[in-house]
Amino acid sequence: MSVRSFRALEVDEDGDGYAVRLVERLDADLPDGDVVVDVRWSDLNYKDGLIMSGRFGLVRRFPMTAGIDLVGTVVESGVAEVPVGRLVTVNGNGLGTDHPGGLAERARVPHAWVTPVPEPIDALSAAAIGTAGYTAALAVLALRGNGVEPGSGPVLVTGAAGGAGSIAVLLLAALGHEVVASTGRRRMEEESLLRLGASSVVDRLELLGDGELGRASWAGAIDTLGSRALATVLARTRYGGTVAAMGMAMGVDLPTSVVPFISRAVTLAGIDSVHAPPELRRDAWQLLADHLDLAALRGITEVVPLEQAAERSRAVMAGTVRGRLVVDVRA
Ligand SMILES: NC(=O)c1ccc[n+]([C@@H]2O[C@H](COP(=O)([O-])OP(=O)(O)OC[C@H]3O[C@@H](n4cnc5c(N)ncnc54)[C@H](OP(=O)(O)O)[C@@H]3O)[C@@H](O)[C@H]2O)c1
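What you are looking at is a predicted structure, and each value in this text was computed from that prediction instead of being measured.

(A) A look at unusual backbone geometry. In this chain, phenylalanine 62 is followed by proline 63 through a cis amide linkage whose omega measures -10°. When you line up the elements, proline 63 lands in the loop between helix H1 (46-53) and strand E4 (64-65). Cis geometry marks the peptide bond from glutamate 119 to proline 120; its omega dihedral reads 5°. One non-glycine residue, phenylalanine 56, adopts positive backbone phi at about 65°. Here phenylalanine 56 is to be found in the loop between H1 and E4. Looking at phenylalanine 56, the relative accessible area reads 52%, which means it is exposed.

Structure representation (structure tokens):
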């Protein structure tokens, strides 16, 4: 049997610092698991930026293949429910932090982590969705589960020009919601956000209130920022509304009080993509398959080669990327 090698983007400790290197690995280097995937695409999320810059100590052991997402074709499988030849994705589950990740040409994972990509989503679109889009869908499901329906009133999306934010805007608008997009790059991104379906665009600075109860504006919200932005979102949510908290691009703190909860019956719904159970993942991916405008998604997606992934992840951390970055792991 021939020995197969593949390229992988690894993060490693380097003296006092941190290094990201493109290396050659062998199939024998792959970890345990009953499904082997020929990876075609990966992508760059905010968390990939954190991992490749060494922040928050997210990586549990070194060296570690980076990449919290992968999309590819099953080439070996020990279970009937994940057949060889199936187009699949893996999002989170410790990929890229505890288990070698998706920024590589091959991966081996436990079958329980694998989500089949539902039609009509193609491989490139699945990577453009990635953790950002699948988590946006989890947040939309949480709003729905708490009674935020199209017609309930405006739904705010913060960090709207980023990956998760853009897909949240697209998905909510496609479902018939009135979407208010908040961005720190209004001058540059307003037109693009209106094209994605936002009804209006507001400046991020409007969300930097003092956390005191404010004008009741939104029936629901998807927040990617945390910190003072989330505090203000809570303070400006209408009676009985729900805020889905999915991010921390502004900070991990939350300077608020119980007032929005006990005076306006606001619900704060936590959203986690990493350990979400398989059925919930499938529901989120099906929602995307049924409603996401894939052509519009392509319009806010840039494809970069594997060897530029580390450099481009810095742009993600700087908050200068519009929409999504997909990584061509074969280029
Ligand atoms: N809960 C989960 O399981 C889960 C899953 C996926 C993502 N997340 C989190 O969700 C957030 C968004 O992820 P993403 O992949 O969509 O990231 P992204 O593409 O980098 O988007 C983040 C956006 O946040 C805004 N932003 C960035 N830095 C900021 C700062 N210092 N202050 C205020 N706003 C800032 C920018 O939006 P504007 O330019 O529009 O202002 C930026 O485009 C991240 O915090 C990520 O960790 C969590």
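Moving on from the coordinates now.
(B) Layout of the nonpolar core. Counting 53 residues, the largest nonpolar core has Ile121, Ile222, Leu288, Leu292 and Leu297 as its most contacted members. Within the residue set of this core, elements represented by two or more residues are helix H2 (123-145), strand E9 (155-157), helix H3 (163-174), strand E10 (179-183), helix H4 (186-196), helix H7 (278-291) and helix H8 (294-299). Shared between two domains, this core holds at least three residues of each, these being domain 1 (5-116 + 300-328) and domain 2 (131-270). Formed by 34 residues, the second largest nonpolar core is a distinct cluster that contains Leu9, Ile51, Ala66 and Leu306.

(C) Seen up close, the site of the ligand. The ligand sits among 25 residues. The nearest are Gly184, Arg185, Arg204, Met246 and Ser273. One of the backbone N or O atoms of tyrosine 46 is found 3.0 Å from an oxygen atom in the ligand. Between an oxygen atom of the ligand and a side-chain N or O atom of arginine 185, the distance comes to 2.6 Å. Most atoms of the ligand, that is more than half of them, are within 2 Å of grid points of the largest pocket. Of all the elements in the fold, those that place two or more residues in the shell around the ligand are H2 and H3. In this structure, the shell around the ligand is formed jointly by two domains, domain 1 (5-116 + 300-328) and domain 2 (131-270), each of which donates at least three residues.

(D) Here's a closer look at the pattern of salt bridges. Across all of its chains, the model carries 18 salt bridges by this definition. Of the charged contacts in the structure, one is a salt bridge between arginine 25 and glutamate 10, with a shortest N-O distance of 2.6 Å. Here arginine 25 is found in strand E2 (residues 17-26), whereas its partner glutamate 10 is found in strand E1 (residues 5-14), with 15 residues between them in sequence. Accessibility expressed as a relative area gives 27% for arginine 25, which makes it partly exposed. Its salt-bridge partner being arginine 312, residue glutamate 302 comes within 2.8 Å of it at the nearest N-O pair. Note that glutamate 302 is positioned in strand E15 (residues 301-305) and arginine 312 in helix H9 (residues 309-318), a separation of ten residues in sequence. For glutamate 302, a relative accessible area of 36% corresponds to the partly exposed category. Several salt bridges converge on common partners, so that one network encompasses Arg4, Asp27, Asp38, Glu76, Arg106 and Arg330.

(E) Representation of the side chain of arginine 7. Tracing the backbone shows arginine 7 in strand E1. Arginine 7 sits in the buried class, given a relative accessible area of 17%. Engagement of the side chain of arginine 7 in a polar contact is seen with the backbone oxygen of valine 329, the distance being 2.9 Å. Residues in contact with arginine 7, not counting those within four places in the same chain, are Leu22, Val23, Glu24, Ala104, Glu105, Leu306, Glu307, Val329, Arg330 and Ala331.

(F) Representation of the UniProt feature "transmembrane region" (unreviewed entry) in the chain within the structure. The UniProt record marks residues 123-143 and 155-176 with the feature "transmembrane region" (unreviewed entry), using the residue numbering of this structure. For the annotated span residues 123-143, helix accounts for 100% and strand for 0% of the residues, and the straight-line distance between the end C-alpha atoms is 28 Å.

(G) The arrangement of H1 in detail. Residues of H1 that are buried include every one of Asp48, Gly49, Leu50, Ile51 and Met52, and no others. Note on H1: the residue one or two positions beyond its end, glycine 54, has a positive phi of about 80°.

(H) Inspection of the sheet that holds E4 at higher detail. Pairing is antiparallel across the open sheet formed by three strands, whose spatial order is E2-E1-E4. The sheet is open, and its two borders are formed by E2 and E4, each paired with just one other strand. The pairing of E1 with E4 spans two bridges and is classified as antiparallel. Counted as the bridge partner of valine 11 is methionine 64 from E4.

Cut-offs used in this document
Counting restarts for each chain: residues are numbered from 1 in the order of the written sequence. The predicted nature of this model means local features are confined to residues of pLDDT at least 70 and side-chain atom pairs, given and counted, to a pLDDT of 80 or more, with totals for whole chains, interfaces and linings taken over all residues. Side-chain figures throughout are based on the complete set of non-hydrogen atoms in the structure, without hydrogens or water. Where helices and strands are cited, they refer to DSSP runs of H or I of at least four residues and of E of at least two residues respectively, numbered from the N terminus. Exposure classes here rest on a 1.4 Å probe applied to the protein chains alone. A residue is buried below 20% of its type maximum, exposed above 50%, and partly exposed in between. Definition of nonpolar core: a set of buried residues of the types Ala, Val, Leu, Ile, Met, Phe, Trp, Tyr and Cys, connected through side-chain atoms within 4.5 Å. For every domain, the bounds stem from an assignment made automatically or drawn from a database. Definition of nearness: a residue and a molecule or strand are near each other if at least one heavy atom of the residue lies within 4 Å of the molecule or strand. Counted as a polar contact is a pair of N or O atoms within 3.5 Å, where, for protein atoms, one must be capable of donating a hydrogen and the other of accepting one, and residues adjacent in sequence contribute only when both atoms are in side chains. Points on a 1 Å grid, built from protein atoms alone, make a cavity when a 1.4 Å probe fits but cannot get out and make a pocket when they are open with protein on both sides within 12 Å along at least 5 of 7 lines; residues with an atom within 4 Å of a point are the lining residues. Pocket or cavity membership: a molecule qualifies when more than half of its atoms sit within 2 Å of the grid points of that site. We define a salt bridge as a side-chain nitrogen of Lys or Arg found within 4 Å of a carboxyl oxygen belonging to Asp or Glu. Two residues form a contact once any of their heavy atoms are found within 4.5 Å. UniProt positions are given in the numbering used here, feature names are shortened, and annotations may be inferred rather than shown by experiment. By the convention used here, strands pair only if DSSP detects at least 2 bridges between them.

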